[in-house]
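The residues making up each chain are set out below.
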There are 2 protein chains.
Amino acid sequence: MQRYFIEKEQLSDQTATLFGDDAKHIQKVMRMGQGDRLICADNEGSAYLCEIRSITPDQIKAEILKKFENNTELPIHVTIVQGLPKGDKLELIVQKGTECGAKAFIPFKAERSISKWADNKIEKKLARLKKIAKEAAEQSHRLNIPDISEPVSIAQLIKISENYHQKIVAYEETAKAGEQHALPELFKKMRAQEKLLVVIGPEGGLSEQEINELTKAGFICCGLGRRILRTETAPLYVLSAASYHFELLEWGE
Amino acid sequence: MQRYFIEKEQLSDQTATLFGDDAKHIQKVMRMGQGDRLICADNEGSAYLCEIRSITPDQIKAEILKKFENNTELPIHVTIVQGLPKGDKLELIVQKGTECGAKAFIPFKAERSISKWADNKIEKKLARLKKIAKEAAEQSHRLNIPDISEPVSIAQLIKISENYHQKIVAYEETAKAGEQHALPELFKKMRAQEKLLVVIGPEGGLSEQEINELTKAGFICCGLGRRILRTETAPLYVLSAASYHFELLEWGE
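I will try to describe carefully the structure that is included in this document.

So, how was this worked out
Residues numbered from 1 in each chain as written. Chains lettered and ligands numbered in written order. Predicted model: local features only at pLDDT ≥ 70, side-chain atom pairs only at ≥ 80, totals over all residues. Heavy atoms only, no water. Pairing = 2+ DSSP bridges. Helix = DSSP H or I, 4+ residues; strand = E, 2+ residues; numbered from the N terminus. Contact = heavy atoms within 4.5 Å. Axes fitted to C-alpha atoms, helices over the stretch in contact; angles between N-to-C directions. Parallel < 35°, antiparallel > 145°, perpendicular 65-115°, else oblique. Left-handed = near helix turned anticlockwise from the far one by under 90°. Nonpolar A, V, L, I, M, F, W, Y, C, P; charged D, E, K, R; others polar. Core = buried A, V, L, I, M, F, W, Y, C linked by side-chain atoms within 4.5 Å. Buried < 20%, exposed > 50% of the residue type's maximum accessible area, 1.4 Å probe, protein only. Least-squares fit on C-alpha atoms with pLDDT ≥ 70 in both. Buried area = accessible area lost by both parts, 1.4 Å probe. Salt bridge = Lys/Arg side-chain N within 4 Å of Asp/Glu carboxyl O. Polar contact = N/O pair within 3.5 Å; in protein donor to acceptor, adjacent residues only side chain to side chain.

1. Observations regarding the sheet that holds strand β6 (residues 77-83) of chain A
All names here are of chain A.
Step number 1: In space, the 6 strands of this open sheet follow the order β8-β7-β6-β10-β9-β11, with parallel pairing throughout. Looking at strand neighbours, the two that pair on one side only are β8 (147-148) and β11 (220-222), the edges of this open sheet.
Step number 2: Across 4 bridges, strand β9 (residues 166-170) lies against strand β10 (residues 195-200) in parallel orientation. The partner of Ile168 across the bridge, within β10, is Val198.
Step number 3: Helix α2 (residues 89-99) rests against β6, β7 (104-108) and β8 of the sheet, and its axis sits at about 160 degrees to β7.

Rendered as structure tokens:
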């Protein structure tokens, strides 16, 4: 069933009201009418089954039939810090990472990032990524849309990392050296709702200097299996591993 | 270091000989010359560190310095049966799935596959996918290039499945119902080098009829976490989970 994220103010006890792009999408793309059902999620952890009662081109009113009880969020909060990759790879990462349960994305101006965001383009780029995250969250039945922040420097990143329970950096050299136990050992220590920060390098990897600064700040180097993953594949590996560990293996339902 | 897959016949005890596209790539793209080093892998489980000794436009001779000992293949063999997806999604699946360790890919003519391969296009499409798999295997330091077969019908698929130790089908309805323990329970039963067949539906999912036929043939329905994954994300989830389980959690190095 089609799912829409709406503001809390658009919900009353019995009614959900949809405007703008959502109202257009419901009518033009989904071709829904009175009596059709959809899901409204408030981006604060609740989702409702609704049935359309009235339609005008600009506004749709739907009756709330019931609140959904099943939680579709990852048990731990995973924030992906992504060394700015080339081209439109960040769009792929945000789309797939949202499906896989990321809580937030922080683009990172890494030493070897070839891609730079011009100051006057930041707003537009963020708006596009946020739209991709919203659509992927709707499609994958998330209760929350991941946050996407402006690109940060390494100094800002280390400051931000103070708010996290655990912080790791995916490091190719670690993978080559065969250190593969760090990630499961860290997962085993984590409890529900704790926050994990994951740093992924850009195409050229992180520099030795960056690795030194991050490990000095308490980041743990983790291998992600025996193979060398591309920058856009690494975040999906970590998120899939987190889902497997916390949703399938350890806690199940 | 750059890695090239070559035929076993191109290797002698002390020398690797590279021709054609590889010889061109080494000279034109990598701009390597005498004394530069590269890795040659024979697609049968061995890889060698080599140093270039002589270069002509058509042929490069490199001395074998040593054989690599570290295995970069997944401990279990995972074959991805992919319901034919729209557009060029299969290319993304083959590229990323190869990085994540898939042993083989089998395109599947599912009931709800919108994409069809015309008979006269099959050869060309397979050649392109095989090239993508080879490049991804080189980039991710695999010892084997995954096989890619022609699209199969459900009858062919069930016949093929007889050769596998375990067979699963990712089923969205299972995910919704909250059955999330099947995959780890199955992984716990598997031993090194055993073969797992994984069926993923196309965009519209598998039909009830297909699910019935597969479960009757011994396939187990598995949930892949709490969220609804797109068809191209599901195989990466299964492969990442397999790597996490067998390479990081259970066996490590």
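2. Brief notes about the packing of α2(A) against helix α3 (residues 122-139) of chain A
All names here are of chain A.
Step number 1: One can describe the packing of α2 onto α3 by two numbers: an axis separation of 8 Å at closest approach and a directional angle of 30 degrees. One element, α2, and the other, α3, form an angle in the roughly parallel class. Where α2 crosses over α3, the two elements pack in a sense that is right-handed. Packed against α2, whose contacting residues are Leu90, Glu91, Val94, Gln95, Thr98 and Glu99, the element α3 presents Arg128, Leu129, Ile132, Ala133, Ala136, Ala137 and Gln139 at the interface.
Step number 2: Residues that form the contact of α2 with α3 fall into these classes: 7 nonpolar, 3 polar and 3 charged.

3. So, the nonpolar core
Nonpolar side chains tend toward joint burial in soluble globular proteins.
Step number 1: Counting 94 residues, the largest nonpolar core has A:Phe187 and B:Phe187 as its most contacted members.
Step number 2: Filtering out sequence-adjacent residues up to four positions away, B:Phe187 remains in contact with A:Tyr244, B:Ile76, B:Leu196, B:Val238, B:Ala241, B:Ala242, B:His245 and B:Phe246.

4. Brief notes about the relation of the copies chain B and chain A
Step number 1: For the match of chain B to chain A, the screw axis carries a shift of 0.0 Å, the RMSD comes to 0.0 Å, and the turn is 180 degrees. Taken together, the rotation angle and the small translation identify this as a two-fold axis. Across chain B, the smallest distance between a C-alpha and the rotation axis is recorded for B:Ala241, namely 2.7 Å.
Step number 2: Interface residue correspondence from chain B to chain A reaches 100%, placing this contact among same-surface, isologous pairings.

5. What to know about the pairing of β10(A)
Residues and elements named next belong to chain A.
Step number 1: For β10, the tally of buried residues reaches 5 of 6 residues, placing the bulk of the element in the interior.
Step number 2: Bridging between β6 and β10 involves 6 bridges; their strand directions are parallel. Residue pairing in the sheet places Thr79 in a bridge with Leu197 of β10.

6. Examining the interface of chain B and chain A
Step number 1: Each partner contributes residues to the interface: chain B has 47 residues there, and chain A has 47 residues.
Step number 2: Counting each side, the surface lost to burial between chain B and chain A is near 4100 Å², with a carbon and sulfur contribution of 54%.
Step number 3: Along the contact surface separating chain B from chain A lie 8 salt bridges.
Step number 4: Of the charged contacts, one joins A:Glu247 and B:Arg226 as a salt bridge, the two residues approaching to 3.8 Å between their closest N and O atoms.
Step number 5: Joining chain B to chain A, the criterion identifies 27 residue pairs in polar contact (both at pLDDT 80 or more).
Step number 6: Elements represented by at least two residues in the side of chain B that touches chain A include exactly α2 (89-99), α3 (122-139), α6 (182-189) and α8 (234-250) of chain B.
Step number 7: In terms of residue count, α8(B) provides more of the side of chain B that touches chain A than any other element does, 10 residues in total.

The quantities given are spatial measurements derived from coordinates; they are silent on function.
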